[in-house]
Amino acid sequence: MNPIRLLAGKERLALLQNQRGLAWLLAYSIVLSALAVLLVSNNELSLLDNAQVVYMMAGTISVAGAVLAVILGSDAFAGERERGTLVPLLVAPITPTQLLAGKAVGVLTAWTVMYVLALPYLWAVGVGGQNLVQAIIYLGLFGTPVVLGFGYLAMSLSARTGSVMTSLLFSLIVLLFSASPLLIGPGLRNNVIGRGLDAVNPLSGALNTYDAVIIDSEPFTRQLPRLALVVVWLGLTFAAARWTARKPRFR
Amino acid sequence: MLINAENLSLTLDGSSILHSVQLHLESNQIYGLLGPNGAGKSTTIAVILGLYDLSQGTLELFGRPANHQAVETRRRIGVMPEHAGFYDWMSAGDYLAWYAGLYGGSQRPIPELLEQVGLNGLGDCKIVRFSHGMRQRLGIARALVNNPKLLILDEPTNGLDPRGRREIHDLLLSLAREQGMGILLCTHLLDDVDRLCDRIGIIHQGRTTLEGSLVELLGRHGTGCKFRLRLETNPETANLPDGIEATLLSRDGGWWHLHLDAHANPADLWQKLLARGWRIREIHAEGGGIEEVYLRMTSTAGQPLREAMT
């Protein structure tokens, strides 16, 4: 059997048979449920436009996916090292790229589960409104490279540092920094610094696209610069992960 | 030659970790890699496995440069790292089958492999329930999953009870003698080396201080072995019989303390004594041999001796 499939299968089993993986999915479902209930029943939030509700839900799903990718990516090499299972992988007849690909498929599997799990929630808050189908499509199109990119970033740090905690800490800082223009409001986002950050920030790229497509009904062609941004982000993080996976820290 | 390592040097983060390590291993041989903690044994193994890039020196595996078709070369090597970890949520059988898949599938049925390492009937048992000794055995099974030509084992008998150690010894001897495997054994246990190894290499402070055939090295650098014997009946004489290549050091109650020259074979001595009617009840080794050579070669006070014998 192809080593990538074997490694990916192991990652899938580790996520779905492991109590931690199931606990994460349960927590994710609870967050989505709580958010959905708030968005449709809270006195103030329920006044939001239907498209805005879908946009908020899509953003939350993307950020949750990035957090899970960071957790799985941090565990990819450093977790194996700490459990003593990295050396057996490194001495097996597989290339570093195959090992990385197996780990990446594991992250993609987790993201796919989250994506599928999110569909009923998106439907629940967005049914009858505008652009629900577009939201689902763009969540897959922009969310996937952003999430996988954060996974690669964490894998890169995991292979370089050999420590789950260090990798997790740095990756989460990058994730929080990426989310900061969104958290600090439109005031800063409209000045030069904010626009500059938005221009290079993959998470902003994805969320601004959701905004533009779901709320403003912009066409696909106007999203191409942002699509290029998230693809470049994916390419850069993949290159970093591939570089560090050649000689990961194993002791 | 399975491993031909000449003057291996490794520098990490500006620090010289290995300098001038020699290692030569052929098929059918068991090679004991010895040295104090932190001497560089596990690092040497990591260099051989390509986990570190060599700074200087030449390394050939199976007669070819080690970096030539490294992935294909790894198909012929079985490895048991010092800290053998597993996916504890898997069963032993599932784990071995999964790991064998990375090599393109197991060369032998998994139950047979488990039986070979003394884990018969435990294929369905979750690894999380395994004791330390069982994990050691599973680590050996993992190293054998691809039926390797070269087996590299880092402290394989750590944590095993005496019976377990003996079983692993017998297994390694049969793998080398009957299946022609070359085995590189990294260990602190000189008893393992004494029983198993044809060749040894002693590493001290990142440098090979001695390498060669165990018999030749003991003959050249050893000063012999001391034994303590108890006989079933005390002989009439107070001395050893004529023609015995041993020196009587003392008699202490019912015990006879002997010194055997480095080149002499203890088994021959026992046979000669038996032939002269000396019926031996107990034999105790009391130092000397490999232990003495090891202590001399890893002494920081002494000048290290570099020697490579073929």
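Before reading on, note that the structure itself is shown above.
Residues numbered from 1 in each chain as written. Chains lettered and ligands numbered in written order. Predicted model: local features only at pLDDT ≥ 70, side-chain atom pairs only at ≥ 80, totals over all residues.

> What exactly am I supposed to notice about the overall build of chain A here?
Secondary structure assignment for chain A yields 11 helices and zero strands. Moving toward the C terminus, one meets the helices and strands of chain A in the order α-α-α-α-α-α-α-α-α-α-α. Computed over C-alpha atoms, the radius of gyration of chain A comes to 19 Å, within 12% of the 18 Å expected from 2.2 N^0.38 for 251 residues, which places it in the range of a compact globule. Projecting the C-alpha coordinates of chain A onto the three principal axes gives extents of approximately 60 × 40 × 30 Å. Across the 251 residues of chain A, 47% fall into the buried class. The contacts of chain A with a sequence gap of at least 6 include a subset with a gap of at least 24, amounting to 82%. (Helix = DSSP H or I, 4+ residues; strand = E, 2+ residues; numbered from the N terminus. Rg over C-alpha atoms; globule rule 2.2 N^0.38 Å. Buried ≥ 20, exposed ≤ 12 C-beta atoms within 10 Å, placed from the backbone. Contact = placed C-beta atoms within 7 Å.)

> Please explain the overall build of chain B as it appears in this structure.
Counting its secondary structure elements, chain B contains 10 helices and 14 strands. Counting only C-alpha atoms, chain B reaches 70 × 50 × 30 Å along its principal axes. Within chain B, the proportion of its 310 residues that are buried is 40%.

> Which parts of the structure should I look at to understand helix 2 (residues 19-41) of chain A?
One turn of the α-helix equals 3.6 residues, which is why residues spaced by three or four share an orientation. Residue and element names in this part refer to chain A. Its 23 residues give helix 2 an end-to-end C-alpha distance of 32 Å, which sits within 8% of 33 Å, the value for a rise of 1.5 Å per residue. Listed as buried for helix 2 are Gly21, Trp24, Tyr28, Leu32, Ala36 and Leu39. The secondary structure elements touched by the buried residues of helix 2 are helix 1 (3-17), helix 3 (50-83) and helix 5 (96-126). (Expected span 1.5 Å × (residues − 1).)

> Can you walk me through the packing of helix 10 (residues 202-215) of chain A against helix 11 (residues 224-245) of chain A in this structure?
How two helices pack is summed up by the angle between their axes together with the distance between the axes. All names here are of chain A. Close contact between helix 10 and helix 11 brings their axes to 9 Å; oriented N to C, the two are set at 145°. Helix 10 and helix 11 meet at a crossing whose hand is left-handed. Contacts from Pro202, Gly205, Ala206, Asn208 and Thr209 of helix 10 reach helix 11 at Arg226, Leu229, Val230 and Trp233. Partitioned by chemical class, the residues of the contact of helix 10 with helix 11 number five nonpolar, three polar and one charged. (Axes fitted to C-alpha atoms, helices over the stretch in contact; angles between N-to-C directions. Left-handed = near helix turned anticlockwise from the far one by under 90°. Nonpolar A, V, L, I, M, F, W, Y, C, P; charged D, E, K, R; others polar.)

> Hey, could you run me through the sheet that holds strand 8 (residues 182-186) of chain B in this one?
Hydrogen bonding along the main chain pairs the strands of a sheet, whether they run parallel or antiparallel. Residues and elements named next belong to chain B. Taken together, the six strands give an open sheet; going across it, the order is 6-7-8-3-9-10, and neighbouring strands pair in mixed fashion. Edge positions in the sheet fall to strand 6 (77-80) and strand 10 (207-213), since each of these pairs with one other strand and no more. In this sheet, neighbouring strand axes are inclined to one another by 15° on average, regardless of whether the strands run parallel or antiparallel. Here strand 7 (residues 150-154) runs beside strand 8; their pairing, made up of five bridges, is parallel. (Pairing = 2+ DSSP bridges.)

> Looking at this structure, I do not really get the interface of chain B and chain A. What am I missing?
Accessible area lost upon the coming together of the parts is a frequently used measure of interface size. Each partner contributes residues to the interface: chain B has 21 residues there, and chain A has 18 residues. Its residues placed into classes, the side of chain B that touches chain A shows 14 nonpolar, three polar and four charged.

> How do you make sense of the pairing of strand 8 of chain B when you look at a structure like this?
Sheet faces and side chains relate simply in a regular strand, where the side chains alternate between the two faces. Residues and elements named next belong to chain B. Counting buried residues along strand 8, five of its five residues qualify, which places the element largely inside the surrounding structure. Side chains Gly182, Leu184 and Cys186 of strand 8 all project onto a buried face; the interleaved residues Ile183 and Leu185 project onto the opposite face, where all are buried too. Note that strand 3 (residues 30-34) and strand 8 share four bridges and pair parallel. Each bridged residue has a counterpart across the sheet, and for glycine 32 the counterpart in strand 8 is leucine 185.

> Explain the environment of proline 93 of chain A to me, please; I cannot follow it from the model alone.
Structurally, proline 93 of chain A can be placed in the loop between helix 4 (86-90) and helix 5. The exposure class assigned to proline 93 of chain A is partly exposed, which follows from the 18 C-beta atoms found within 10 Å. Beyond its immediate chain neighbours, meaning those up to four positions away, proline 93 of chain A contacts Val71, Glu72, Arg74, Arg75, Leu102 and Tyr103 of chain B.

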